[in-house]
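# Notes for the structure review
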2 protein chains.
Amino acid sequence: MQSEIRKKLLDAFTNAGEIFLSGQHLAELIGCSRTAVWKHIEELRKEGFELEAVRNKGYRIVKTPERITADEIRLGLATNFIGRNIHYEESVESTQKIAHRLSNEDVPEGSVIIAEEQLSGKGRMNRAWHSPKYSGIWMSLILRPNIPLTNAPQLTLLTAVAIVQAMEEETGLQPVIKWPNDILLNGKKVTGILTELQAEADRIHSIIIGIGINVNQKKEDFPSELQEKASSLFIESGKLISRAGLIRSIFKHFEKLYLLYLEQGFFPIKLLWEGYAVSIGKILKARTLTNVIEGKALGITDEGVLKLEDRTGVVHHIYSADIEV
Amino acid sequence: MQSEIRKKLLDAFTNAGEIFLSGQHLAELIGCSRTAVWKHIEELRKEGFELEAVRNKGYRIVKTPERITADEIRLGLATNFIGRNIHYEESVESTQKIAHRLSNEDVPEGSVIIAEEQLSGKGRMNRAWHSPKYSGIWMSLILRPNIPLTNAPQLTLLTAVAIVQAMEEETGLQPVIKWPNDILLNGKKVTGILTELQAEADRIHSIIIGIGINVNQKKEDFPSELQEKASSLFIESGKLISRAGLIRSIFKHFEKLYLLYLEQGFFPIKLLWEGYAVSIGKILKARTLTNVIEGKALGITDEGVLKLEDRTGVVHHIYSADIEV
């Protein structure tokens, strides 16, 4: 109930923009007392929001807090279900772990777990992912699509497209995608995506997409062994980026692509994906569970599977691998 | 450490059979004090084991307890890893839920969760499964095979074969399998299997196989709406069946089949499965997520997929469906 009022309050400020809203008007809009409005405004201030208050005009938001808060993300969020239910934590082992637990408790589709810091964030194949406090986006998104198990990897590619679109919009940078789950700037990794699922043998319960984005780290914030391989949006653009703004933009692009995917399948996503893919036409080395295949990347199939042509002209379909360019 | 001694003690009694074992001999065998042996024997008695003690000869087990205990299952267990780590509970919401949690905590492959009662046991597609106290086998098995996601349904078929073999051995009954996951006696369901998995988009973390077996229920123990559709081993055989004995036998047959499967793939399992399948050659109605197909069951493919031939001669491959005979 509390958080319902908070959501409505932020929606009202979002819609009002620069316009002042009076306490009386807000109370009527939300359906609560003026005292309750006043109480929630005080709490927003404690969270780091700055509100301007002018006698006979009312309130407006003039500055949002440094750290991400669920409320700041809600302020201006343009989605119907992605990111509408936000579970925010200061510090966690890993947002994926929390998402797995919550997805068993029937939280709504599009629920998201966001943390300021992960103590043991994980990438693919259980590799560590460095997730320091206040400088990146570490989050997990819960989906419940009615698709076959074999199509789950397509959602990794869809997520990569949504993130690249959001980065272009928010930073002006032009990131590229390395199949299957990395986003690069100047050849360095700024984002990793980890798609996990819970399923019956023949039916998906939920897909959990972990997203790690290096946003405002400086070069010296990375461990030395990562400095040559990883970068951040700040390093590449020279500007501090609003994490909440980028998250909202990702949610918006993701929701649009996801609805398109559920209606029309993977093909339209494939076309978008190919526009951002870096490795097509290049010679790659793919390490699968069982062997190593070197060849020219021809692109992906209509299902999202990588096609590699080896020296003898044989085309290999790669469902799962580590890629070296 | 405590439970290590207990395991060794039960192994010793298993190997000894009718022969008496002296406290001194047991202490040497296990590598602990005679006082420790005596303490553990007292605890076995508290769990419901009856031990005969004869001066100058020692101890032997003459009766095992009514309820299942982890110790009773261990007594005589002939496996290397299936069922070697037992997590036993008196009453749970569902053994699958516990198994999902434990599988994230890196318990060894073959670990099993057994409960005397489930308050909200589940079958496929989230359907309720009736699991009353002390009368059935309600358990979940954790596996970590290195197989593609699409092969997961094969483990449902493998499990069905293991259970039928164990039932034949322990009860003399001749159960049959209804594709994909039911075991029937006289056309009534005595067992359901639920295979679930946790995975990355392209790699299995763990497979969790839920097994529900109606063992010693009387007809009136079933809710009236189930009495025409469900039965128990007691109803069909007229004998009370040792649940611990049946569990041990399932573990033994499962381990043998599972190792064969990992080494040689699904084909040898398929041959065994076909020997027990009830629906082959019959007209079936298959309800899939998207439509209903009626046709003659031709068998399963080498991958375990059901083949249905409709009236026009077209053969449909059914990956997932509800079947009506």
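Bear in mind the structure is a predicted one, so any value in this text is a computation, not a measurement.

Turning to the UniProt feature "domain: BPL/LPL catalytic" (unreviewed entry) in chain A, a few remarks are in order. Per the UniProt annotation, the sites labelled "domain: BPL/LPL catalytic" (unreviewed entry) are residues 74–262 of chain A. Annotation note: span residues 74–262 of chain A, helix share 30%, strand share 30%, distance between end C-alpha atoms 25 Å.

Bringing the sheet that holds strand β13 (residues 292–300) of chain A into the picture now. Residues and elements named next belong to chain A. Here 5 strands make up an open sheet; going across it, the order is β15-β14-β13-β12-β16 and the pairing antiparallel. Of all strands in the sheet, those bounded by a partner on one side alone are β15 (315–318) and β16 (322–324). For this sheet, the mean inter-axis angle between neighbouring strands, taken without regard to orientation, is 45°. Pairing of strand β12 (residues 283–287) with β16, which is carried by 3 bridges, proceeds in the antiparallel orientation. In the strand pairing of β16, Arg287 is matched with Asp322.

Another point: the relation of the copies chain A and chain B. In the superposition of chain A on chain B (RMSD 0.1 Å, axial shift 0.0 Å), the rotation amounts to 179°. When the rotation and shift are considered jointly, the pair of chain copies conforms to a two-fold rotation axis. Distance from the rotation axis, computed per C-alpha, reaches its smallest value in chain A at Gln198 of chain A: 2.5 Å. The share of interface residues of chain A whose copies in chain B are also at the interface is 100%, consistent with both copies meeting through the same surface.

Residues and elements named next belong to chain A. Feature annotation in UniProt places "binding site: biotin" (unreviewed entry) on Gln118 and Lys189, given in this structure's numbering. Looking at the secondary structure, you find Gln118 in strand β5 (residues 118–122). Gln118 sits in the buried class, given a relative accessible area of 11%. When near neighbours in sequence (up to four residues on either side) are disregarded, Gln118 contacts Val92, Glu93, Ser94, Thr95, Ser131 and Trp138. As for its placement among the helices and strands, Lys189 is situated in strand β10 (residues 188–200). Those residues within four positions of Lys189 in sequence are excluded, and the remaining contacts are Trp129, Asp182, Ile183, Leu184, Asn214, Lys229, Ala230 and Ser231. A polar contact is formed between the side chain of Lys189 and the side chain of Asp182, at a distance of 3.1 Å.

Within a beta sheet, neighbouring strands are joined by backbone hydrogen bonds and run either parallel or antiparallel to one another. Residue and element names in this part refer to chain B. One open sheet accounts for 5 strands, arranged β15-β14-β13-β12-β16; its pairing is antiparallel. Bordering the open sheet on either side are β15 (315–318) and β16 (322–324), each of which pairs with just one other strand. Each strand axis lies, on average, 45° off the axis of its neighbour in the sheet, ignoring direction.

Further remarks concern the packing of helix α2 (residues 23–30) of chain A against helix α3 (residues 34–46) of chain A. All names here are of chain A. At their nearest, the axes of α2 and α3 sit 8 Å apart, and the two run at 100° to each other. The angle between α2 and α3 places the two elements in the roughly perpendicular class. Listed contacts from α3 to Gly23, Gln24, Leu26 and Ala27 of α2 are Arg34, Val37 and Ile41. Across the contact of α2 with α3, the residue classes tally to 4 nonpolar, 2 polar and 1 charged.

Residues and elements named next belong to chain A. On domain assignment, one finds that chain A holds domain 1 (2–63), domain 2 (70–276) and domain 3 (283–324). A separation of 25 Å is found between the C-alpha centroids of domain 2 and domain 3. For the pair domain 2 and domain 3, the number of links is 3 salt bridges. A salt bridge links Asp322 to Arg127; its shortest N-O distance comes to 2.4 Å. If you look at where domain 2 meets domain 3, you find 7 residue pairs in polar contact (both at pLDDT 80 or more). Only α6 (152–171) and α9 (267–276) provide two or more residues apiece to the side of domain 2 that touches domain 3. Of all the elements, α9 adds the most residues to the side of domain 2 that touches domain 3, at 4 residues. Taken together, the residues that form the side of domain 2 that touches domain 3 break down as 7 nonpolar, 1 polar and 5 charged.

We now examine the nonpolar core. Judged by nonpolar contacts, the single largest core of 134 residues is most densely connected at Ile213 of chain A together with Ile213 of chain B. Apart from the residues lying within four places of it in its own chain, the contact partners of Ile213 of chain B are Gly136, Ile137, Trp138, Ile163, Met167, Val190, Thr191, Leu233, Leu246 and Ile250 of chain B.

So, on to the interface of chain A and chain B. Facing 23 residues of chain A, the contacting portion of chain B comprises 23 residues. Carbon and sulfur atoms supply 56% of the area that chain A and chain B bury against each other, a total of about 1900 Å² over both sides. Of all residues in chain A, Glu200, Ala201 and Asp202 of chain A bury the most surface against chain B, accounting for 25% of the area lost on that side. Applying the counting criterion to the chain A and chain B interface returns 2 salt bridges. Residues Asp202 of chain A and Arg124 of chain B are paired through a salt bridge, measuring 3.5 Å at the closest nitrogen-oxygen approach. At the boundary of chain A and chain B, one finds 8 residue pairs in polar contact (both at pLDDT 80 or more). It is β10 of chain A that contributes the most residues to the side of chain A that touches chain B, 7 residues altogether.

Attention shifts here to the side chain of His253 of chain B. Inspection of the secondary structure assignment puts His253 of chain B in helix α8 (residues 243–264). His253 of chain B gets classed as buried once you look at its relative accessible area, which sits at 12%.

Scanning the model with the defined rule gives 38 salt bridges over all chains in all. Notably, a salt bridge pairs Arg6 of chain B with Glu43 of chain B, separated by 2.4 Å at the nearest N-O pair. Here Arg6 of chain B is found in helix α1 (residues 2–16), whereas its partner Glu43 of chain B is found in helix α3 (residues 34–46), with 37 residues between them in sequence. By relative accessible area, Arg6 of chain B is classed as buried at 10%. Residue classification places Glu43 of chain B among the partly exposed positions, given a relative accessible area of 26%. Glu274 of chain B is the partner of Lys270 of chain B in a salt bridge, and the nearest nitrogen-oxygen pair spans 3.7 Å. On the criterion of helical spacing, the pair formed by Lys270 of chain B and Glu274 of chain B is a turn pair, its members being 4 residues apart in helix α9 (residues 267–276). Its relative accessible area of 10% is what places Lys270 of chain B among the buried residues. What emerges from the salt-bridge pattern is a single network uniting Arg6, Glu43, Asp71 and Arg74 of chain A.

Calculation criteria
- Residues numbered from 1 in each chain as written.
- Chains lettered and ligands numbered in written order.
- Predicted model: local features only at pLDDT ≥ 70, side-chain atom pairs only at ≥ 80, totals over all residues.
- Heavy atoms only, no water.
- UniProt positions renumbered as here; feature names shortened; annotations may be inferred.
- Helix = DSSP H or I, 4+ residues; strand = E, 2+ residues; numbered from the N terminus.
- Pairing = 2+ DSSP bridges.
- Axes fitted to C-alpha atoms, helices over the stretch in contact; angles between N-to-C directions.
- Least-squares fit on C-alpha atoms with pLDDT ≥ 70 in both.
- Contact = heavy atoms within 4.5 Å.
- Buried < 20%, exposed > 50% of the residue type's maximum accessible area, 1.4 Å probe, protein only.
- Polar contact = N/O pair within 3.5 Å; in protein donor to acceptor, adjacent residues only side chain to side chain.
- Parallel < 35°, antiparallel > 145°, perpendicular 65-115°, else oblique.
- Nonpolar A, V, L, I, M, F, W, Y, C, P; charged D, E, K, R; others polar.
- Domains from an automatic or database assignment.
- Salt bridge = Lys/Arg side-chain N within 4 Å of Asp/Glu carboxyl O.
- Core = buried A, V, L, I, M, F, W, Y, C linked by side-chain atoms within 4.5 Å.
- Buried area = accessible area lost by both parts, 1.4 Å probe.

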